[in-house]
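Residue-level structural notes
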Amino acid sequence: MKIKDIEIRPISIPLKEPFTISLGTIENADNVILCIKTDDDLVGYGEAAPSSTITGDIQEYIISGLNFIKPILIGKDPFDISRIEEDIAGAIKGNYAMKAAIDMALLDLIGKATKTPLYKLLGRYRTEFKTDCTIGIKDPQDMARDAVRIVERGFDTIKVKVGTGLTQDVERIKEIRDAVGYEISIRADANQGWKPKDAVRAIKKMERYELELIEQPVPWWDIKGLRWVRTHVDIPVMADESVHSPQDAIKLIEQEAVDMFNIKLMKCGGIKNGIKIANIAESVGMECMVGCMIESRVAITAASHLVASTKNITEVDLDSSLSLSEDPVEGGIKIDRGKIVLPDKAGLGIESVKV
Ligand code: MG
């Protein structure tokens, strides 16, 4: 099996409604679908979802990057993925969303060539699991109304975006808790929006509403600040923007800065690096979440194979495809009342992507 060609398909899908976090508002998923085609007529699918404020990627960079990398891919055997990824890493620094798209497309091809679902190749641990559903920043009462609708749709965990102001942030958690009751798990994500001391004040006030965990309370570079927050609150503190690579994970563990990692394919460069981060965490008894950028069901399906095959990924935040106004994907995972079910098809299990 040899790679014959690659097809780079930009997609632009409007969100059902604008999505606001402390870093800004997003209205469109401007992503790139990658199709890697082989001489035996297999197609491997990948997706890169840029997040300019978190990874520095934008759609145009990803398209340029893939054209730059194309000569490395042509003529190669996808089974040589480890060597191919070494060559790509040697040719271009960063660009992890693009690298994630290549990684998932090559793994899809390996699965298709061996007629085996990817999670079985990686080593099955589970085939279904629950994802949370995220509420973007709005007025607290509007967020409480969103929370009720999410519970009605069958989700039992809600992720709440905060990080714009202490009083309003605490009000957001209070209103949502009052609206959904105590059977539902509520976690919060400040997306770097607080200073360490403000974070501790806010989290202590939120703890009475049985907050499950807090994600990235302080800026990504403030590792001492993360550690300070972690040692002053009772709930687990999770790194997201502070942990992109396996090396970041090691540094955070060395500094005892967080309790958990949020692994995202677009930050770490694909499933293989995601497994590395999870393995580093598992070695010190830590659990991880797998999260997403504004990804379609291509990348969400790839991330689901990572969850399905990795024991210490105990939390899942893979809801972004539900917020898109169109679903371009045939096949892939199904999400029913908050439960993600893996397809029992070869590779990622994606049949086609319309653009
Ligand atoms: Mg986050």
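Note that the structure is predicted; figures quoted are calculated from it, not measured.

Calculation notes
Residues numbered from 1 in each chain as written. Predicted model: local features only at pLDDT ≥ 70, side-chain atom pairs only at ≥ 80, totals over all residues. Heavy atoms only, no water. Donors = N, O, S within 2.8 Å, 3.2 Å for Na, K, Ca; no water. Helix = DSSP H or I, 4+ residues; strand = E, 2+ residues; numbered from the N terminus. Core = buried A, V, L, I, M, F, W, Y, C linked by side-chain atoms within 4.5 Å. Buried < 20%, exposed > 50% of the residue type's maximum accessible area, 1.4 Å probe, protein only. Contact = heavy atoms within 4.5 Å. Axes fitted to C-alpha atoms, helices over the stretch in contact; angles between N-to-C directions. Parallel < 35°, antiparallel > 145°, perpendicular 65-115°, else oblique. Left-handed = near helix turned anticlockwise from the far one by under 90°. Nonpolar A, V, L, I, M, F, W, Y, C, P; charged D, E, K, R; others polar.

Another point: the coordination of the magnesium ion. Within the protein, D189 (OD), E215 (OE) and D240 (OD) serve as the donor atoms for the magnesium ion, at 2.1 to 2.2 Å. Counting the intervening residues between successive donors of the magnesium ion yields the motif D-x25-E-x24-D. Here the residue E215 occupies a position in strand β8 (residues 211-215), and D240 occupies one in the loop between β9 (237-239) and α9 (246-254), the gap between them amounting to 25 residues.

Turning our eyes to something else, we now look at the nonpolar core. Residues W194 and F261 are the most contacted members of the largest nonpolar core, which totals 115 residues. In terms of residue count, the dominant contributor to this core is helix α3 (residues 96-113) (eleven residues). Setting aside residues up to four positions removed in sequence, F261 forms contacts with M238, A239, V243, A249, L252, I253, I277, A281, M286, E287, C288 and M289.

Attention shifts here to the environment of H305. Among the structural elements, H305 can be located in helix α12 (residues 297-308). Given the relative accessible area of 0%, H305 is considered buried. Put simply, H305 and V180 are 125 residues apart on the chain and 31 Å apart in space, counted from C-alpha to C-alpha. Setting aside anything within four residues of it in sequence, one finds H305 in contact with L118, Y119, L122, L342, G347 and L348.

Let's shift gears to the packing of helix α1 (residues 59-73) against α3. Pairs of packed helices are described in terms of their axes, by the angle between the two and the distance that separates them. Direction vectors running N to C along α1 and α3 enclose 45°, while the axes themselves pass 10 Å from each other. As judged from the angle between their axes, α1 and α3 are oblique. Here α1 runs over α3; the crossing is right-handed. Across the interface between the two elements, I62, G65, L66, I69 and L73 from α1 touch A97, M98 and I102 from α3. Partitioned by chemical class, the residues of the contact of α1 with α3 number seven nonpolar, one polar and no charged.

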